[in-house]
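Residue strings, one per chain:
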Amino acid sequence: MPSSHETRRTFAIISHPDAGKTTLTEKLLYFGGAIRMAGQVKARGEKRRAKSDWMKIEQERGISVTSSVMTFEHKDLIFNLLDTPGHEDFSEDTYRTLTAVDSAIMVIDASKGIEAQTLKLFEVCRLRDIPIITLVNKCDREAKDPFELMDEIQETLALDVSPMVLPIGSGSTFHGCYNVTNGDYYTAKTKGDAFDTIVETSGIDDAKLDDLVDSQLLEESREMIELASVGYSDFDLESYREGHLSPVIFGSALKDFGPTALLDLIADIAPMPRPSPTTERTVSPEEKKVSGFVFKVQANMDSHHRDRVAFMRICSGDFKRGMKLRQVRTGKDIMVHSPIMFFAQDREIAQEAGPGDVIGIPNHGTIRVGDTFTEGEQMQFTGLPAFAPEVLRRVRLPDGTKVKQLRRALEDLAEEGLTQVFKPNIGSNWIIGLVGILQLDVLKSRAKAEYGVEIDFEPITYNMAVWVKCDDEAKMKTFLSANVNNIVHDREGSPVFLAKSQWEIDFTKERHPDITFMKTRELV
Ligand code: G4P
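Residues numbered from 1 in each chain as written. Predicted model: local features only at pLDDT ≥ 70, side-chain atom pairs only at ≥ 80, totals over all residues.

**Student:** Explain the environment of Asp205 to me, please; I cannot follow it from the model alone.
**Tutor:** One can find Asp205 in the loop between strand 9 (197–200) and helix 7 (208–212). Among the residues examined, Asp205 registers 12 C-beta atoms within 10 Å and is labelled exposed. Spatially, the C-alpha atom of Asp205 lies 9.9 Å from that of Gly183, the residues being 22 residues apart in sequence. (Helix = DSSP H or I, 4+ residues; strand = E, 2+ residues; numbered from the N terminus. Buried ≥ 20, exposed ≤ 12 C-beta atoms within 10 Å, placed from the backbone.)

This is the structure in structure tokens:
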């Protein structure tokens, strides 16, 4: 396997639940040659989910909370697809996974347009100017007008769009997809079937199309395509790479239109691994020495063992199995003798991996999200975000003898990024903060299964939490003592302001103009 960073395309799919991410993932793996039969992704998921208690929650609710990595080779390139769960209740590792990719595919349901979860995930991509290719999916169903959809993307996301493939018809009239960049027309021999035919044309006015498409539909489509070519931006590689412009493909993952065009587009335009900022300097992927950061830690599916897998994105160098790497936070050297590569078929022991690749490092809880590994250099990769939680609860411990277990459980699960833990100034009960309400069940169930401790949650009077900071120490002190009831501290000891409403935050801001209130905080 070639290990140069130029051959890597590391990306994620962002979407709202039900837009078609699983279907697309499956088709990408299938057309990328990684699986033999579409349908295996789900089957494998179910088998895996059956393995542990807390994952039963996912199984019962039919969703996947865990992220994983799928690696496959296509066109002499190595594609690393990092999965980001699309359910609206999920933990921070979803967001953090996006810090480990170089580009993203945004899947939008053609009948719905931009939905809440897509918007949230898009905002995270925007923080890092991640280039995005858009797939407007389910064009074989009744859909919104293509112009309406493209305008919605432009306006809601403040992102220029460049239509590359447009639909001919929709719902019952859906006939095919036309590629404006090369004149190819994709369609099915038999109406309603998966796409199996490509007709090469000299342009949308080519007479070949008159024999294929209903005349009225073709006339309307020709007009639409002409209007689209003047109404939207031409594709510009630089704008795309800077995250300002998104090429748009209208298609149907289910009918096999979209996946191959996406694979080709990723191979042609998606960026190879980019330089990564650290506290000391920017690391180029071309550097010889190995460096990387951990963006996710996942407890093993086996509830009898307390071991974990840390997912590390390699930022530079050619990693070789058995290598010794320095964990910068602790200064300890770790021998990585059983790294895991996540091939779509199975887990395999990696012999080597390059920039842009992700390896799993098994450990017993010693590796944390945000950890940097190097060959000895003292530096720390930056930009891994912590998010202001949207659900706050006080933890109640019915059995007072289990304080130690509770602390251990909360500390470990906070390290994984499942929850945030806050210590109040007043009172001794921990307060937890989560990005989604479903995580409460996961937390409760894992505390019991893995740490033998029953916990309950009580609502608190606060609904919002924001980090606060101020360069002027005296002003910060005044602020903290004036708001002592509202202040808690996160695990790193950074102060966090709890509020009942946005109004309260705005009101407090006005009274303390020197204090900065932050909804996200970089872990490093
Ligand atoms: P998700 O991972 O984003 O949540 O979506 P998923 O792929 O599971 O797709 C959600 C539903 O939409 C599925 O139907 C899937 O078959 C359907 N779907 C995905 N892409 C297309 C498309 O291009 N066209 C059409 N018409 N449907 C599409 P389901 O009935 O909920 O599940 P299933 O029983 O078919 O698996």
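**Student:** When you look at the domain arrangement of the chain in this model, what are you seeing that I'm missing?
**Tutor:** Buried accessible area, meaning the area lost when the parts come together, often serves as the stated size of an interface. One can read the domain layout of the chain as domain 1 (8–166 + 234–269), domain 2 (276–374) and domain 3 (385–522). On a C-alpha basis, the centres of domain 2 and domain 3 stand 29 Å from each other. Taken residue by residue, the interface counts 9 residues in domain 2 and 6 residues in domain 3. Here the residues of the side of domain 2 that touches domain 3 sort into 3 nonpolar, 3 polar and 3 charged. (Domains from an automatic or database assignment. Contact = placed C-beta atoms within 7 Å. Nonpolar A, V, L, I, M, F, W, Y, C, P; charged D, E, K, R; others polar.)

**Student:** Can you walk me through the packing of helix 11 (residues 403–416) against helix 12 (residues 438–451) in this structure?
**Tutor:** Helix 12 packs onto helix 11 with a crossing angle of 120 degrees between their chain directions and a minimal axis gap of 10 Å. When the axes of helix 11 and helix 12 are compared, the pair comes out oblique. Handedness of the helix 11/helix 12 crossing: right-handed. Here helix 11 contributes Gln405, Arg408, Ala409 and Leu413 to the contact with helix 12, which in turn contributes Leu443, Arg446, Ala447 and Tyr451. Residues belonging to the contact of helix 11 with helix 12 are distributed by class as follows: 5 nonpolar, 1 polar and 2 charged. (Axes fitted to C-alpha atoms, helices over the stretch in contact; angles between N-to-C directions. Parallel < 35°, antiparallel > 145°, perpendicular 65-115°, else oblique. Left-handed = near helix turned anticlockwise from the far one by under 90°.)

**Student:** Can you walk me through the nonpolar core in this structure?
**Tutor:** A general trend in soluble globular proteins is that nonpolar side chains are found buried together. Ala104, Ile105, Cys125, Leu262, Val294 and Met312 are the most contacted members of the largest nonpolar core, which has 126 residues in total. Ranked by residues supplied to this core, first place goes to strand 14 (residues 308–316) with 6 residues. Other than its neighbours up to four places away in sequence, Leu262 contacts Leu28, Ile105, Ile133, Leu135 and Ile249. (Core = buried A, V, L, I, M, F, W, Y, C linked by C-beta atoms within 7 Å.)

**Student:** Quick question: what am I supposed to make of the site of the ligand here?
**Tutor:** Close to the ligand lie 17 residues; Gly20, Lys21, Thr22, Thr23 and Leu254 are nearest. At 3 residues, helix 1 (residues 21–31) tops the list of elements feeding residues into the shell around the ligand. Here the shell around the ligand is built from residues that sort into 4 nonpolar, 7 polar and 6 charged. (Near = placed C-beta within 6 Å.)

**Student:** Got a minute to help me understand the sheet that holds strand 1 (residues 8–15) in this structure?
**Tutor:** Strands pair in a sheet through their backbones, by hydrogen bonds, and they do so in one of two ways: parallel or antiparallel. Here 10 strands make up an open sheet; going across it, the order is 2-3-1-4-5-10-6-7-8-9 and the pairing mixed. Lying at the two open borders of the sheet, with one neighbouring strand each, are strand 2 (69–74) and strand 9. Adjacent strand axes in the sheet meet at a mean angle of 25 degrees when their direction is disregarded. Strand direction decides the pairing type here: strand 6 (residues 160–168) and strand 7 (residues 176–179), joined by 4 bridges, are antiparallel. Across the sheet, Leu166 pairs through a bridge with Tyr178, a residue of strand 7. The strands touched by helix 6 (residues 146–157) are strand 5 (132–137), strand 6 and strand 10 (245–250); relative to strand 6, the strand with the most contacts, the crossing angle is about 160 degrees. Sitting on the sheet, helix 8 (residues 215–231) touches strand 6 and strand 7, and the angle it makes with strand 6 is about 170 degrees. (Pairing = 2+ DSSP bridges.)

**Student:** Would you mind showing me how to read the environment of Lys296 here?
**Tutor:** Among the structural elements, Lys296 can be located in strand 13 (residues 291–299). With 27 C-beta atoms counted inside 10 Å, the residue Lys296 sits in the buried group. As a C-alpha pair, Lys296 and Asp93 span 203 residues in sequence and 5.9 Å in three-dimensional space.

**Student:** Looking at this structure, how should I read the sheet that holds strand 30 (residues 495–499)?
**Tutor:** Ordered by their spatial adjacency, 8 strands build an open sheet running 27-24-26-25-29-30-28-31, and the pairing between neighbours is antiparallel. In this open sheet, the two strands that pair with only one neighbour each are strand 27 (456–459) and strand 31 (516–518). Neighbour to neighbour, the strand axes of the sheet diverge by 40 degrees on average, direction disregarded. The pairing of strand 24 (residues 391–396) with strand 27 spans 4 bridges and is antiparallel. Paired with Arg394 across the bridge in strand 27 is Glu458.

**Student:** Can you help me understand the environment of Asp160 in this one?
**Tutor:** With respect to the element layout, Asp160 can be found in strand 6. Along the backbone, Asp160 and Tyr232 are 72 residues apart, and their C-alpha atoms lie at a distance of 7.9 Å. If near-sequence neighbours (up to four positions away) are discounted, Asp160 is found in contact with Gln154, Ser233, Ser239, His244 and Leu245.

**Student:** Hey, could you run me through the pairing of strand 17 (residues 332–336) in this one?
**Tutor:** If a strand is regular, its side chains alternate between the two faces of the sheet. The pairing of strand 16 (residues 323–327) with strand 17 spans 5 bridges and is antiparallel. Note that in strand 17 the partner of Lys324 across the bridge is Met335.

**Student:** I keep staring at the confidence of the model for the chain and nothing clicks. Help me out?
**Tutor:** Low-confidence regions, as indicated by low pLDDT, have predicted coordinates that should not be scrutinised in detail. Per-residue confidence for the chain gives a mean pLDDT of 85, with 86% of residues at or over 70. The least confident element of the chain is helix 3 (residues 53–61), whose mean pLDDT is 43; the most confident is strand 5, at 98. Below pLDDT 50 for its whole length, residues 36–67 participates in 50 contacts with residues either more than four positions away or in separate chains. (pLDDT = per-residue confidence, 0-100.)

**Student:** When you look at the packing of helix 1 against helix 10 (residues 259–269) in this model, what are you seeing that I'm missing?
**Tutor:** To characterise two packed helices, one gives the angle between the axes of the helices and the distance between these axes. Orientation of helix 1 relative to helix 10, taken along the N-to-C sense of each, is 70 degrees, at an axis distance of 9 Å. As judged from the angle between their axes, helix 1 and helix 10 are roughly perpendicular. Note that helix 1 runs across helix 10; the crossing there is right-handed. The segment helix 1 lies against helix 10, with Leu24, Lys27, Leu28 and Phe31 engaging Pro259, Thr260, Leu262 and Leu263. Along the lines of polarity and charge, the residues of the contact of helix 1 with helix 10 split into 6 nonpolar, 1 polar and 1 charged.

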